[in-house]
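Notes for the structure review
Here's the letter readout for the chains.
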Amino acid sequence: MSKVNVITSCSGRFHIFDQAAELHRHGVLHRLINDYPKSQTRRWGIPNDKATSLLLNGVLARLSRHTAGVFPAPLQSRLLAFIHGFFSSRLAANIPLDADIFIGLSSFCFEAIIAAKARGIITIVDHGSLHQRYERKLLEEECTKLGIALNEQVAPDWLIAKEDREFQAADRIMVLSQAAKRSMMMEGIPAEKLFVNPCGVDTAAFRPMPAGDQTFRVIFCGKMSPRKGIHYLLDAFNALNLPNAELWVIGSPPDAAFGQMLNPLITARVKVLGTYPQERLPELYAQGSVFVLPSLADGFGMVVPQAMACGLPVIVTENVGASDVVSEGVNGFVIPIRDTDALSQKLSMLYEQPEMRIEMGKAAAHKAGSELSWRAYGDRLVAFLESCQQHHQEVRQ
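Values in this document were obtained by computation on a predicted structure and should not be read as measured data. (Residues numbered from 1 in each chain as written. Predicted model: local features only at pLDDT ≥ 70, side-chain atom pairs only at ≥ 80, totals over all residues. Heavy atoms only, no water.)

**Section: the overall build of the chain**
Inclusion rule: Runs of E in the DSSP output that reach at least two residues are strands. Runs of H or I that reach at least four are helices, and both are numbered from the N terminus. Computation of the radius of gyration draws on C-alpha atoms alone. For the globule rule, the value is 2.2 Å times the number of residues to the power 0.38. Only protein chains enter the accessibility calculation, which uses a 1.4 Å probe; a residue is then buried when its area is under 20% of its type maximum, exposed when over 50%, and partly exposed in between. Residue contacts are defined here by distance: any two heavy atoms, one from each residue, within 4.5 Å place the two residues in contact. Calculation of accessible area relied on Shrake-Rupley with a 1.4 Å probe; when residues are assessed, cover is drawn exclusively from the protein chains displayed.
Scanning the chain for helices and strands turns up 15 helices and 13 strands. Compactness check: the chain gives a C-alpha radius of gyration of 21 Å against a globular reference of 21 Å for 397 residues, within 12% of the reference. In terms of principal-axis extent, the alpha carbons of the chain reach across some 65 × 45 × 40 Å. Burial statistics for the chain: of 397 residues in total, 54% are counted as buried. At a minimum sequence separation of 6, the contacts of the chain that also span at least 24 residues come to 65%. For the chain, the accessible surface area stands at approximately 16700 Å², while carbon and sulfur atoms represent 54% of it.

Here you go:
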């Protein structure tokens, strides 16, 4: 079988730049089509002749982020719909004729899928979250339960409809986790169309480092939002009232209504640290004893393997995609969503058994180093793409 030529694409960056770097390492990257300048793609080792930069789209996308909250919501939604469609249309016009496989980021690739299929190119949608209709249902339920408005950004009807068209049109769909796969199947997508490949982690940047003290410290990293389940973690941590214990909350602040609900839960031992750049996270994780991500919906949760690579045992919910990489009782625990009692029990166990906690942290770091690197992600991806090409050739014969 001849070498496969792969196009991958995205508006924004997400995990696609890392994906492109792995495709290039394997010698199969034909083109990364994106909306960043080439000075940025070179940082991921992508040569200029392997990158196509749709810079006007990038400018529009970045401007739209600054108009959020300025324009009325219906106008902002129409603007985003235009930006998504404009990128996909320009993407379709820039697909090289000699490609074998096209990968498009969901909600940004429908027109490109149609154009690629017309040229006999295998088409794959890369979807980084749970199915967005499933996510929206969960968040609507949660906000009703909390008695607050659904102010958190959820997928509008036009975006869900566009992704549904992409899922229907594409030959295959890549997702990051079994949780994402389950949500897609619940929305009617056949299991045989789905391929699961968890993201990698930069194990050179995220690695175990010594802690500065003996405090039992719980680390959370993510937006303070109902989606991330921070209110369940605050309830569980405060209920335990553990001596010499802290909860560090890293991430962007909540909106006004949810923040007002959280305020009574922000006790003296809860440290709200705000946002930090990626390069600062390892030193913060190093001060932790356990990492917790109690999300209601999380397609993967990159922070989980990052924390594991830093030597922290993790506690995640079943709806966090990175639960796939958690071995129960070995490097962490997986609990049901909204289960404060289960979360309290696991935190208490790790607090009361420091020897077990240390061993679980070592196992987490080993798992990250041996199975969760970007290199491992790339090896799995290229093997899958080669199988797609082989199947395509067999069908055509």
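**Digging into the sheet that holds strand β8 (residues 216–221)**
Short version of the rule: We call two strands paired when DSSP finds no fewer than two bridges between them. Axis angles are defined between N-to-C directions and span 0 to 180 degrees, where every axis is a line fitted to C-alpha atoms and, for a helix, only to the segment in contact.
Strand order in the open sheet formed by six strands is β10-β9-β8-β11-β12-β13, and the pairing between neighbours is parallel. Lying at the two open borders of the sheet, with one neighbouring strand each, are β10 (270–274) and β13 (332–335). Looking at each pair of strands side by side, their axes are set apart by 20 degrees on average, direction ignored. With two bridges connecting them, β8 and strand β11 (residues 290–293) associate as parallel partners. Residue Val218 lies in a different strand from β11, and its bridge partner there is Val290. Packing against the sheet, helix α9 (residues 230–240) makes contact with β8, β9 (245–250), β10 and β11, and its axis sits at approximately 170 degrees to β9. Against the sheet, helix α13 (residues 340–352) touches β8, β11, β12 (314–317) and β13, its axis set at about 170 degrees to β13.

**What about the packing of helix α3 (residues 55–67) against helix α4 (residues 73–93)?**
Angle between the axes and distance between the axes: these two values describe a pair of packed helices. Rules: Comment on the angle field: the value is read as roughly parallel under 35 degrees, roughly antiparallel over 145, roughly perpendicular from 65 to 115, and oblique elsewhere. Note on convention: the crossing is left-handed when the near helix lies turned anticlockwise from the far helix by less than a right angle, right-handed when the turn is clockwise. Polarity classes work like this: nonpolar for Ala, Val, Leu, Ile, Met, Phe, Trp, Tyr, Cys and Pro, charged for Asp, Glu, Lys and Arg, and polar for all others, with Gly in that last group.
Axis separation between α3 and α4 bottoms out at 10 Å; the angle between their running directions is 165 degrees. As the angle between them shows, α3 and α4 are arranged roughly antiparallel. Considering the relative orientation of α3 and α4, their crossing is left-handed. Contacts between α3 and α4 pair Leu56, Asn57, Leu60, Ala61, Ser64 and Thr67 from the former with Gln76, Leu79, Leu80, Phe82, Ile83, Phe86, Phe87 and Arg90 from the latter. Of the residues belonging to the contact of α3 with α4, the class tally is nine nonpolar, four polar and one charged.

**Thoughts on helix α6 (residues 132–146)**
Counted only if it meets this: Expected span, for any helix, means 1.5 Å times one less than how many residues it has. Throughout, the arc means that of the directions going from the helix axis to the C-beta atoms.
Helix length check: α6 (15 residues) gives 21 Å between terminal C-alpha atoms against 21 Å at 1.5 Å per residue, within 8%. Of the residues making up α6, those classed as buried are Gln132, Tyr134, Glu135, Leu138, Leu139, Glu142 and Cys143. Down the axis, α6 shows its buried residues gathered within 160 degrees of arc, on one side only. Those residues of α6 hidden inside the fold are in contact with β5 (122–127), α7 (157–169), α8 (178–186) and α9. Directly after α6, the chain includes Gly147, whose backbone phi takes a positive value near 75 degrees.

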